[in-house]
Amino acid sequence: MTRLIDFQHADEALRWRAINDDVMGGISRGHMQVEDGIGVFSGEISLENDGGFASVRREPETFDLSGQAGLALHVRGDGRRYQLRLRTNRLFDGGAYRALFQPPAGAWQRINLPWHEFEAVFRGRRLEHAPPLDPEAIQQLGLLIADRQPGRFRLEVAWLETMDDESTQ
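Note that the structure is a prediction, hence the values are computed from the model and not measured.

Draft legend 1. The arrangement of the overall build of the protein chain in detail. A count of helical and extended segments in the protein chain gives zero helices and 13 strands. The helix and strand sequence of the protein chain, counted from the amino end, reads β-β-β-β-β-β-β-β-β-β-β-β-β. Relative to the globule expectation of 15 Å for 169 residues, the C-alpha radius of gyration of the protein chain, 15 Å, shows essentially globular dimensions. Counting only C-alpha atoms, the protein chain reaches 45 × 40 × 30 Å along its principal axes. Here the protein chain holds 169 residues, and 51% of them are scored as buried. Counting contacts in the protein chain only where the partners sit at least 6 residues apart, residues at least 24 apart contribute 75% of the total. A total accessible area of about 8700 Å² is found for the protein chain, and carbon and sulfur atoms account for 45% of it. Computed over 20 positive and 26 negative side-chain charges, the inter-centroid distance for the protein chain is 5 Å.

Structure representation (structure tokens):
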């Protein structure tokens with residue numbers, strides 16, 4: 001297992017930028033910050049003006065994760081459903097591969113996301129004829145919340161690492 005993102009590094013939060021539903025007229029807000037060595041993706045979802053999502057993306061970086069079984073996150077959630085999103089050059093602009101996860105509120109948990117759990121999407125809709133995720137071609141990682149539930153959210157992330165075959169069992 002290889003640690004890809006660790007919020008113990010002071011500059012890690014600077015590598016993330018918010019992309020919220022204000023790009024289409026909504027008023028939801030979300031951002032990434034570091035608190036005591038933990039990444040915190042937090043904000044508030046609003047359904048006004050046909051909004052309903054908040055996201056953060058890490059600056060582009062090529063990851064060749066061939067030979068790995070997937071990704072694992074160590075998170076503490078609020079009971080809401082989140083998405084880990086991966087971007088590659090295999091989908092058109094705006095398309096991404098997502099895996100859904102819903103950690104219980106208040107407890108640290110390791111979330112394993114094998115490659116087969118990632119599906120190609122565009123604006124929340126599944127892309128039926130898209131190629132499967134190629135772990136060699138990952139260029140960007142992100143987090144998104146779009147559970148259609150208004151209100152505050154908070155997802156704490158200690159780290160993200162690769163998952164080997166043994167950790168999938």
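Draft legend 2. View of the layout of surface pockets. Roughly 600 Å³ of internal volume is contained in the largest pocket. Secondary-structure elements contributing two or more residues to the lining of the largest pocket are strand E5 (54-58), strand E7 (82-88) and strand E12 (138-145).

Draft legend 3. Examining the pattern of salt bridges more closely. With the rule as written, the count across this model stands at 16 salt bridges. The closest approach of N and O atoms between Asp-147 and Arg-80, which form a salt bridge, is 2.7 Å. Here Arg-80 lies in the loop between strand E6 (70-76) and E7 and Asp-147 lies in the loop between E12 and strand E13 (151-163), a separation of 67 residues in the sequence. For the pair Asp-147 and Arg-80, a shared accessibility class is recorded, and that class is buried. Note that Arg-110 is salt-bridged to Glu-161, the shortest N-O span being 2.9 Å. With a gap of 51 residues between them, Arg-110 in strand E9 (residues 108-114) and Glu-161 in strand E13 connect regions that are remote in the sequence. One salt-bridge network, held together by shared partners, links Glu-12, Arg-15, Arg-58, Glu-59 and Glu-61.

Draft legend 4. Representation of the side chain of Arg-98 in the model. Considering the arrangement of structural elements, one finds Arg-98 in strand E8 (residues 95-101). For Arg-98, a relative accessible area of 13% corresponds to the buried category. Not counting the four nearest positions on each side in its chain, Arg-98 is found in contact with Gln-83, Leu-84, Arg-85, Glu-117, Phe-118, Glu-119, Val-121 and Gly-124.

Conventions we followed
- Residues numbered from 1 in each chain as written.
- Predicted model: local features only at pLDDT ≥ 70, side-chain atom pairs only at ≥ 80, totals over all residues.
- Heavy atoms only, no water.
- Helix = DSSP H or I, 4+ residues; strand = E, 2+ residues; numbered from the N terminus.
- Rg over C-alpha atoms; globule rule 2.2 N^0.38 Å.
- Buried < 20%, exposed > 50% of the residue type's maximum accessible area, 1.4 Å probe, protein only.
- Contact = heavy atoms within 4.5 Å.
- Areas by Shrake-Rupley, 256 points an atom, 1.4 Å probe, with all protein chains shown as cover.
- Lys, Arg positive; Asp, Glu negative; His and termini not counted.
- Charge placed at Lys NZ, Arg CZ, Asp CG, Glu CD.
- 1 Å grid on protein atoms, 1.4 Å probe; cavity = no way out; pocket = protein on both sides within 12 Å on 5 of 7 lines; lining within 4 Å.
- Points joined across faces, edges and corners; volume = space filled by probe spheres on them.
- Salt bridge = Lys/Arg side-chain N within 4 Å of Asp/Glu carboxyl O.

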